[in-house]
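What the coordinates show
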Amino acid sequence: MATLYQLHSTVDTLRRSTEQMALTWRAGDSILLLGTTVTFIDWLQAYLNDSDIDNIQAIYALADDIATLSDDTQKNLKLDKNLTSILSDSEWVTMTQDDKFENVVTINL
């Protein structure tokens, strides 16, 4: 079974968060970006490329977090290409409670 890694990072801690995630990463795991972490999606992609993290099943973000961003910021981040899905709070809760994920790990450095 897969793990859902929930990342809540600043740009200053994102590399370290990615390194922590890599310690237990298995092919097929997924990532949920919490809070302002979604604004660092390009940095995350670069750090993922530099790490041993591969075979990512999905990268998610929460609709409420994205709603706090300006339209221009959302457009510049190309979220439609960089995210697998944007989740409502209820979808997030349901996803963490179903049998899809064996573990849910939150990394907040």
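Residues numbered from 1 in each chain as written. Predicted model: local features only at pLDDT ≥ 70, side-chain atom pairs only at ≥ 80, totals over all residues. Heavy atoms only, no water.

A few words on the nonpolar core. Within the largest apolar cluster, 22 residues are counted, with the highest numbers of intra-cluster contacts made by Leu7, Met21, Ile31, Leu33, Val38 and Leu83. When residues of this core are assigned to their parent elements, the largest contribution, four residues, is made by helix H2 (residues 41–50). Here Ile31 is in contact with Leu4, Tyr5, Leu7, Met21, Trp25, Leu48, Ile56, Ala58, Ile59 and Tyr60, once residues within four sequence places are set aside. Leu34, Leu87, Met95 and Phe101 belong to the second-largest nonpolar core, a separate cluster that totals ten residues. (Core = buried A, V, L, I, M, F, W, Y, C linked by side-chain atoms within 4.5 Å. Buried < 20%, exposed > 50% of the residue type's maximum accessible area, 1.4 Å probe, protein only. Helix = DSSP H or I, 4+ residues; strand = E, 2+ residues; numbered from the N terminus. Contact = heavy atoms within 4.5 Å.)

Ile41, Leu44, Tyr47 and Leu48 are the residues of H2 that are buried. For H2, the angular spread of the buried residues around the axis is 120°, confining them to a single face. In H2, the exposed positions angled more than 90 degrees off the buried face are occupied by Asn49 and Asp50. Where H2 is buried, its residues touch strand S1 (2–7), helix H1 (14–22), strand S2 (30–33), strand S3 (58–62), helix H4 (71–77) and helix H5 (79–82). (Arc of directions from axis to C-beta.)

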